[in-house]
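# Observations on the three-dimensional arrangement
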Amino acid sequence: MFPSPSFPLTAETWLRVGPYIPVLLRGLGVNIQILLGLIALGFVVGILIALLEVYAPRPLAFVGSAYAWFFRGVPEIVLLFLFYFGLSRTFNIPVSPFLAAVLALGLRSSAYQAQIFRGALLSIPHGQMMAARALGLGPVRAIFHVILPQALRLSLAGWSNEFSSVLKDTTLAWGIGVVEVMRQAAYIRGRDFPLTLPIYLTVAFMFLVLTYAGNWAIGAVEKRLRVPGLETRR
Amino acid sequence: MTLLTVEDVHKRYGREEVLKGVSLTLNRGETKVVIGPSGTGKSTLLRCVNRLTEPDSGRIWLENVEVTSAKTDINHIRAQIGFVFQDFNLFTHLTALDNVRLGLVSVKKLPKKEATDRAMAELERVGLRHKAKAYPAQLSGGQQQRVSIARALAMDPKLILFDEPTSALDPELIGEVLAVMIRLAEEGMTMIVVTHEMGFARSVADEIVFMEGGVIVEHGPPDRLFRSPEKPRTAEFLRRISELYGQEGR
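Residues numbered from 1 in each chain as written. Chains lettered and ligands numbered in written order. Predicted model: local features only at pLDDT ≥ 70, side-chain atom pairs only at ≥ 80, totals over all residues. Heavy atoms only, no water.

## Description of the overall build of chain B
Note the following rule: The helix and strand labels rest on DSSP assignments: H or I over at least four residues marks a helix, E over at least two residues marks a strand, and numbering proceeds from the N terminus. Only the C-alpha atoms count toward the radius of gyration. The rule for a globule is 2.2 Å times the residue count to the power 0.38. Note on exposure labels: buried denotes an accessible area under 20% of the residue type's maximum, exposed denotes more than 50%, and partly exposed covers the range between, all computed with a 1.4 Å probe on protein chains only.
Assigned secondary structure in chain B consists of 9 helices and 10 strands. Compactness check: chain B gives a C-alpha radius of gyration of 18 Å against a globular reference of 18 Å for 250 residues, within 12% of the reference. Along the three orthogonal principal directions, the C-alpha set of chain B runs to about 55 × 45 × 35 Å. Burial analysis of chain B (250 residues in total) assigns 58% to the buried set.

## A short note on the side chain of D192 of chain A
Cut-off, in case you're wondering: Contacts were defined at the residue level, with two residues in contact if any of their heavy atoms lie within 4.5 Å.
Inspection of the secondary structure assignment puts D192 of chain A in the loop between α8 (181-191) and α9 (196-225). Apart from residues lying up to four places away in sequence, D192 of chain A is in contact with R16 and Y20 of chain A.

## Here we look at the packing of aromatic side chains
Residues and elements named next belong to chain A. Formally: Within 6.5 Å between ring centres, the rings of Phe, Tyr and Trp (the latter by its six-membered ring) count as paired, and their orientation is classed by plane angle as stacked under 30 degrees, edge-to-face over 60, tilted in between.
Tallied over the entire structure, the rule returns 9 aromatic pairs over all chains. Between the aromatic rings of F71 and F83, the centroid separation amounts to 6.4 Å while the plane-to-plane angle is 45 degrees, which identifies the pairing as tilted. Taken together, the positions of F71 in helix α3 (residues 58-73) and F83 in helix α4 (residues 76-90) put the pair 12 residues apart, joining distant regions of the chain. Residue classification places F71 among the buried positions, given a relative accessible area of 7%.

## Side note on the sheet that holds strand β1 (residues 2-13) of chain B
As a general point, the strands of a sheet are linked pairwise by backbone hydrogen bonds and lie either parallel or antiparallel. Residue and element names in this part refer to chain B. Rules: Two strands are said to pair when DSSP picks up at least two bridges between them.
Across the sheet, 4 strands lie side by side as β2-β1-β4-β5; this open sheet has antiparallel pairing. Each of the sheet's edge strands pairs with one partner strand only, and the pair in question is β2 (16-27) and β5 (65-66). Relative to β5, strand β4 (residues 57-62) is paired through 2 bridges, and the arrangement is antiparallel. Its bridge partner being in β5, W61 is matched across the sheet by E66.

## Some remarks on the nonpolar core
Note the threshold: The set of buried Ala, Val, Leu, Ile, Met, Phe, Trp, Tyr and Cys residues whose side-chain atoms join them within 4.5 Å is what this entry labels a nonpolar core.
Ranked by internal contacts, the top residues of the largest apolar core, which has 151 residues, are I34 of chain A together with L4, I35, L123, I149, L159 and F162 of chain B. With 12 residues, helix α2 (residues 21-55) of chain A is the single largest residue contributor to this core. With sequence-adjacent residues up to four places away left out, I34 of chain A is seen in contact with F98, A101, V102, L105, T170, A173 and V178 of chain A.

## Side note on the sheet that holds strand β6 (residues 81-84) of chain B
Residues and elements named next belong to chain B. Going by this rule: Only the stretch in contact is used when fitting a helix axis, every axis being a line fitted to C-alpha atoms; angles between N-to-C directions are given from 0 to 180 degrees.
The strand order across the open sheet formed by 6 strands is β6-β7-β8-β3-β9-β10, and the pairing between neighbours is mixed. Two strands in the sheet have a free side with no partner beyond their single neighbour: β6 and β10 (215-220). Within the sheet, the average angular offset between the axes of one strand and its neighbour, ignoring direction, is 20 degrees. The strands touched by helix α1 (residues 42-49) within the sheet are β3 (31-35), β6, β7 (159-163), β8 (191-194) and β9 (207-212), with β7 carrying the most contacts at an inclination of about 150 degrees. Its contacts with the sheet place helix α6 (residues 171-186) against β3, β7 and β8, and it is angled at close to 150 degrees to β8.

## Structural notes on the packing of helix α5 (residues 97-122) of chain A against helix α7 (residues 139-169) of chain A
Helix packing geometry: the angle between the two helix axes and the distance between the axes. Residue and element names in this part refer to chain A. The test is simple: Two helices cross in a left-handed way if the nearer one is turned anticlockwise from the farther one by less than a right angle. They cross in a right-handed way if the turn is clockwise. Classes in brief: Ala, Val, Leu, Ile, Met, Phe, Trp, Tyr, Cys and Pro nonpolar; Asp, Glu, Lys and Arg charged; the others, Gly included, polar.
Running from amino to carboxyl end, α5 crosses α7 at an angle of 145 degrees, the nearest separation of the two axes being 8 Å. Handedness of the crossing formed by α5 with α7: right-handed. In this structure, α5 contributes L105, R108, S109, Y112, Q113, I116, F117, A120 and L121 to the contact, and α7 contributes I147, L148, A151, L152, L154, S155, G158, W159, E162, V166 and D169. Of the residues that constitute the contact of α5 with α7, the class distribution is 13 nonpolar, 4 polar and 3 charged.

## Quick word on the confidence of the model for chain A
Note the cut-off: Confidence per residue, as judged by the predictor, is encoded in pLDDT with a range of 0 to 100.
Scored by pLDDT, chain A comes out at a mean of 90, with 96% of its residues at no less than 70. Here helix α1 (residues 11-17) of chain A stands out as the least confident element of chain A, with mean pLDDT 81; helix α6 (residues 126-134) of chain A is the most confident, with 96.

## Things to note about the interface of chain A and chain B
Many analyses report the size of an interface as the accessible area lost when the parts associate. Where we set the bar: As a working definition, buried area equals the accessible area (1.4 Å probe) given up by two parts on being put together, with both sides summed. The salt bridge criterion pairs a side-chain nitrogen of Lys or Arg with a carboxyl oxygen of Asp or Glu, the two atoms within 4 Å. Two N or O atoms form a polar contact when they lie within 3.5 Å of each other; inside protein one atom must be a possible hydrogen donor and the other a possible acceptor, and for residues adjacent in sequence the pair counts only when both atoms belong to side chains.
Contacts between chain A and chain B engage 21 residues on the former and 24 residues on the latter. Both sides together, the interface formed by chain A and chain B hides about 2000 Å², and carbon and sulfur atoms give 65% of it. By the criterion of area lost to chain B, the three top residues of chain A are M130, A134 and L135 of chain A, representing 29% of everything that side buries. At the boundary of chain A with chain B, the tally comes to 0 salt bridges. Along the contact surface separating chain A from chain B lie 5 residue pairs in polar contact (both at pLDDT 80 or more). Those elements that place two or more of their residues in the side of chain A that touches chain B are α6 and α7 of chain A. Here the residues of the side of chain A that touches chain B are counted per class, giving 11 nonpolar, 7 polar and 3 charged.

## A look at the pattern of salt bridges
In a structure, side chains of opposite charge can pair up when their charged atoms sit close to one another. Residues and elements named next belong to chain B. Evaluated as defined, the whole model comprises 27 salt bridges over all chains. Among the salt bridges present, the one from E54 reaches R51, with a minimum N-O distance of 3.1 Å. By relative accessible area, which is 42% here, E54 ends up partly exposed. What makes R51 buried here is its relative accessible area of 12%. Between D98 and R101 there is a salt bridge, with the nearest N and O atoms lying 2.4 Å from each other. Taken as a pair, D98 and R101 lie in helix α3 (residues 96-106) at a separation of 3 residues, close to a single helical turn. Beyond isolated ion pairs, a larger network of salt bridges with shared partners links R118, E122, R125, D156, R183 and E187.

Here is the structure:
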């Protein structure tokens, strides 16, 4: 005789999930806000770090590499704790858990995005920079008008990888008390224990949809920015 | 009237001294063709003129401005000197029109409409107005090189430096690029051309400069230099080149 399972997966439990969906979606909305914040922060800082590593003189380039080493080397959950408790409790800087999550995950992502951009920058032939400089463009103009537009196009494929990865990482913000989808799921589960599995399956499904939608959007951007004549597949 | 003066320019890469003291002057409207074996510093010399490569020593003047002075705004100088590369180096993410327009908009600060008109006029001049919307990857090598000449011309340069402009081209595409360059020379453009095209050198150059081993071995008007070179090294090079490329060098 088997004991009846404590996390049943029956039609009856599925039906009871329905009313909780708005609450879950509200939580997911917070994940999306963290995602937008962290990916924008990671993008801007990532490009700066990549430019430092590729174009800056040695000591500055080393700062870029050291930065990448730190943020790629420390576990995300540890970074979250460091940022939240460090900023708010040690340095008394009033950061909300939400802001701490955006900062920690964003700066971490910037280290990964920097590597994507760095690879793309290095793959632009030197002649492009020379031709831009020969026209009289200064180094900054040459980078913005000639090098970056080409490098960013090349970055998109690798960047979609980073997108999928950080999208899921937003759930770690749970650990410092952000009321996002995992926190909402935990509340529901606390109230109605047998719903555990259907609730988490629902959350999983939501992320599958988001990953699909996000990558579809990146693919559309990639297609739009494609340079005619350079396609490998016609 | 002297437009460009190069005075005792030296350049060293590691142990190898690529330029061992090169001097020349270029008059307005003059076409100088630089010939010589590969690896003898011809391209390095061109790149030193607009400091794409920094010379180790020596001085260069464009009119009365010293290019090599630390006080000179090098971007301002470069905007006045066209440069045409062996492998074109068109900006791959921009259309032909935008390639020609970029310098006008972001260096010369022309209003967009004016820049567009000027860029179209230059594309017309190299016979590629109909390719304005095409991207470099959609153009043949000859067309790409003509766009890159239009890109240089649009800046109203005081002189144009051509660094082996036809060396990367299939033989049947060389003619269209040379035709554009011949017309420029006839119109009075000041140019320095590094090339192995002896027919072009012979018919267009006001003066031929023969370089070898980082120095100018000999220079003079094409008729004299091709018919009766003074230095044995020049004669030897011309003989080898004519064996390689047929009779046009004779």
